[in-house]
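# Structural overview for review
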Amino acid sequence: MKNSFRKSLSMILVLILALGINAGIVALASQPSGWESFQSDYTNNGTINNGTPPTASTTTATTVTLPTSGTIGTDVYSGVDTTSVISGGVAYTVYNGGISSGYNGGARLHATTLSTAATAFDIRLDANANNVQQLSTPYLDGTTLYAATTFYTNQLATSGVTDWVDANDDPITAFDFPANTNTIITYNGLVVPSDFWAPQLATDVNTTASGFTGDVTLRSTTGGENIDFGTASYFGGDWTLYNNSGDIVPADTYNVMFSVNNTSNTDITATSIQFLTSGWNLWSVDVGSPGTPLPVLLKTGYGQSNTPISYGTTTIDEEEVLFIYWGVYEGDRSYYQYDTTSGATAIFNPTNISYPADDFYGAGAVVVTVSGNDYAVFGGDGGYIYICPVTAFNTSANNIQIDGTPHIRSSVAVDSTKTNVYFTGQNASLWQIPISTIISAPAPVAVDLSAAITGATSSTSTPVISANGYIYAGVYGYDSEFNGIGGVLAVAVNGFSSNAPVIIYDGDPVQSSPIVYSVTAPPAQRADYVYFTTNANHSGDSPPVANHNGYCYKVGLTNLSSPVPSLAWNPSNPAGVIGTYALQGFASDGGYIIYGDDSNTLYIFN
């Protein structure tokens, strides 16, 4: 079955943990009750230990439609792209509610009472986050929820015509692009405030005309480098050109030359042109306050906050201190540590320690203790694992270069024995590093997942390590006709590097992080129940496929060396509800299991 495959930049998966380890023996901090962070707790290992989720075919499914501004339409960034967090029977979901209008739209936080599917509250976190994909899973500490949002800012002085001139340096009166004409217009004095990989020159032109192409050249006014975007563009609700030069656009002042070649027979006119760069905000929300809570802005910066909020604890002057962590893609290109008590911020930037600058996308951290010292561990787009001392986070770090891995876009997870950390590389590799050697003599070993399912050559999936000794991760890619494909694979912990992956599911793209419920005894009933979502859309099929994008597979493990996978459930949607892209995965607590998709819908099972 063919399907469209949307968010190829993939994901985000991530959040964090805190644990203690000395020569491989771990002392855990107090564990939260509920599913209060990405993959439940500070280990990022998505095992279900609080309540029994559905393990057989079920018709008990409730849908909740999240409020929007009503303007999202076919917007490719709408909907739910993070996992929910759950506490006290209430699920908290960050999502994109569309263009801000009044108090509607923007990046939003929705609280759902799971037993009744009723809305406890729905608030706008960030009015500036208009139709921007929200990829950072929040973290809930007691009644304080921490959330990061991403937004885009127009760096032109106005979005009007008066600041633009034509090729003769004469003011223009309209953004007119006549048929069969090459038109050049220029904006002088664009200020780019930070280094960006992916700024965009966006118009409100709604066209898919094949004869309509463009190019953007940024000319430094200070003697810096010039940047040519190339000809890459996006045709959707708005025609947008983005930087595909492979070069960073450095902070500088530029003159913008916008060249449009309209070889069609239709005159095209735009009413606005904007030069967009990204920014991020960190918020706190007291979800335990009476009435409707108000978000409080804690921090702001440049770039995209596409990692979940991670957390870890350490002891300073005999006091336990809770830190939260998040990484930034482009812009600041840094990893942040925030002291939730004092509000102090430490910033790790690889350039501070003579490494190439790195980006952080979907790569959540864990905190481990080795020989009495606490370290935050996380990956980056440069293919490094960084190990930063918690008490000197911004000054020094060890690093491990992961050979042949171009990007690490999963969180780091810790197994139930607290012996190893695991993560995936975006080239569909699964990695294991012993915690006891991660500082002094790191010895990463890998299993190649890419050959198991033809064409599924990528992964952003944080691994989950079951109590029965299997590691599960999702993969995705394209077939020969460029249709999205993927699956879920399993690898045994014992003999890790010599084990071939076992296919659990083979079908649509799986960019989500699976979670697992394990039955360990008696041996005749031993099984893992693996829950995951698929990032696919079948609403355009004829007839539309009315199934959820959420799956549960039973992996029978009567013989631990011979896993036997079978579909446990993939129930049909309620009447009139057609599921669509589900980038991120499930959250589970108290017998409930939930996920969201791009139709701004939550699906609740129990």
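Residues numbered from 1 in each chain as written. Predicted model: local features only at pLDDT ≥ 70, side-chain atom pairs only at ≥ 80, totals over all residues. Heavy atoms only, no water.

Helix and strand content of the protein: zero helices and 44 strands. Split by element, the accessible area of the protein, about 21500 Å² in all, is 48% carbon and sulfur. (Helix = DSSP H or I, 4+ residues; strand = E, 2+ residues; numbered from the N terminus. Areas by Shrake-Rupley, 256 points an atom, 1.4 Å probe, with all protein chains shown as cover.)

Attention shifts here to the confidence of the model for the protein. Across the protein, the average pLDDT comes to 88, with 90% of residues at or above 70. This model gives residues 1-32 a pLDDT under 50, and the stretch forms 167 contacts once residues within four places in sequence are excluded. (pLDDT = per-residue confidence, 0-100. Contact = heavy atoms within 4.5 Å.)

Attention now moves to the sheet that holds strand 6 (residues 107-113). Spatial ordering of the open sheet is given by 4-5-6-7, a layout of four strands whose pairing is antiparallel. The sheet is open, and its two edges are formed by strand 4 (85-87) and strand 7 (118-126), each paired on a single side. On average, adjacent strands in this sheet sit at an angle of 20° to one another, irrespective of strand direction. Here seven bridges tie strand 6 to strand 7, and the two strands are oriented antiparallel to one another. Pairing of H110 across the sheet is with D122, part of strand 7. (Pairing = 2+ DSSP bridges. Axes fitted to C-alpha atoms, helices over the stretch in contact; angles between N-to-C directions.)

In total, this model carries three salt bridges according to the counting rule given. Notably, a salt bridge pairs D122 with R108, separated by 2.7 Å at the nearest N-O pair. Here R108 lies in strand 6 and D122 lies in strand 7, a separation of 14 residues in the sequence. Taking the relative accessible area as the measure of exposure, D122 reaches 16% and is therefore buried. According to the relative accessible area criterion, R108 is buried, its value standing at 3%. (Salt bridge = Lys/Arg side-chain N within 4 Å of Asp/Glu carboxyl O. Buried < 20%, exposed > 50% of the residue type's maximum accessible area, 1.4 Å probe, protein only.)

Of all residues except glycine, most have a negative phi; of all peptide bonds, most are trans. Here A521 and P522 are connected by a cis peptide whose omega angle stands at -5°. Mapped onto the elements, P522 comes out in the loop between strand 38 (515-519) and strand 39 (527-533). A positive phi is found at N44, a non-glycine position, where the angle reads about 55°. Examined against the element boundaries, N44 turns out to sit in the loop between strand 2 (25-28) and strand 3 (61-65). Under the relative-accessibility criterion, N44 is labelled buried at 0%. The backbone phi angle of E330 is positive, close to 55°, even though this residue is not glycine. With respect to the secondary-structure elements, E330 resides in the loop between strand 23 (319-327) and strand 24 (335-339).

Turning to the pairing of strand 32 (residues 429-434), a few remarks are in order. A regular strand carries its side chains on alternate faces of the sheet. The buried fraction of strand 32 amounts to five of the six residues, a majority that puts the element mostly inside the structure. For strand 31 (residues 420-425) and strand 32, the ladder comprises six bridges, and the chain directions are antiparallel. Residue T424 lies in a different strand from strand 32, and its bridge partner there is L430. The loop that links strand 31 with its antiparallel partner strand 32 comprises three residues; one of these, A428, has a positive phi angle of about 65°. Here strand 32 pairs with strand 33 (residues 445-448) via four bridges, running antiparallel. In the sheet register, Q432 faces strand 33, and the bridge partner there is V445.

For the rest of this paragraph, the subject is the side chain of S518. Among the structural elements, S518 can be located in strand 38. Here A467 takes part through its backbone nitrogen, which lies 3.5 Å from a polar atom of the side chain of S518. Here the side chain of S518 touches D528 through a polar contact of 2.7 Å, side chain to side chain. Look past the residues within four positions of S518 in its chain and what remains in contact with it is S466, A467, N468, A527 and D528. (Polar contact = N/O pair within 3.5 Å; in protein donor to acceptor, adjacent residues only side chain to side chain.)

What follows concerns the packing of aromatic side chains. What the rule picks out here adds up to 45 aromatic pairs. Ring-pair connections join several aromatic residues into one group, and the members of that group are F323, Y325, Y335, F348, F360, F378, Y384, Y386 and F393. Note that R108 overlies the ring of Y103, its terminal NZ or CZ placed 5.6 Å from the centroid. If you follow R409 out to its NZ or CZ, it ends over the ring of Y361, 4.3 Å from the centre. (Phe/Tyr/Trp six-rings, centres within 6.5 Å; stacked < 30°, edge-to-face > 60°. Lys NZ or Arg CZ within 6 Å of the ring centre and 35° of its normal.)

Bringing the sheet that holds strand 26 (residues 366-370) into the picture now. Read across the sheet, four strands follow the order 26-27-28-29 without closing on themselves; strand pairing throughout is antiparallel. The sheet terminates laterally at strand 26 and strand 29 (398-401), the two strands that pair on one side only. Neighbour to neighbour, the strand axes of the sheet diverge by 25° on average, direction disregarded. Looking at chain direction, strand 26 and strand 27 (residues 373-379) are connected through five bridges and run antiparallel. Paired with V368 across the strands is Y375, a residue of strand 27.

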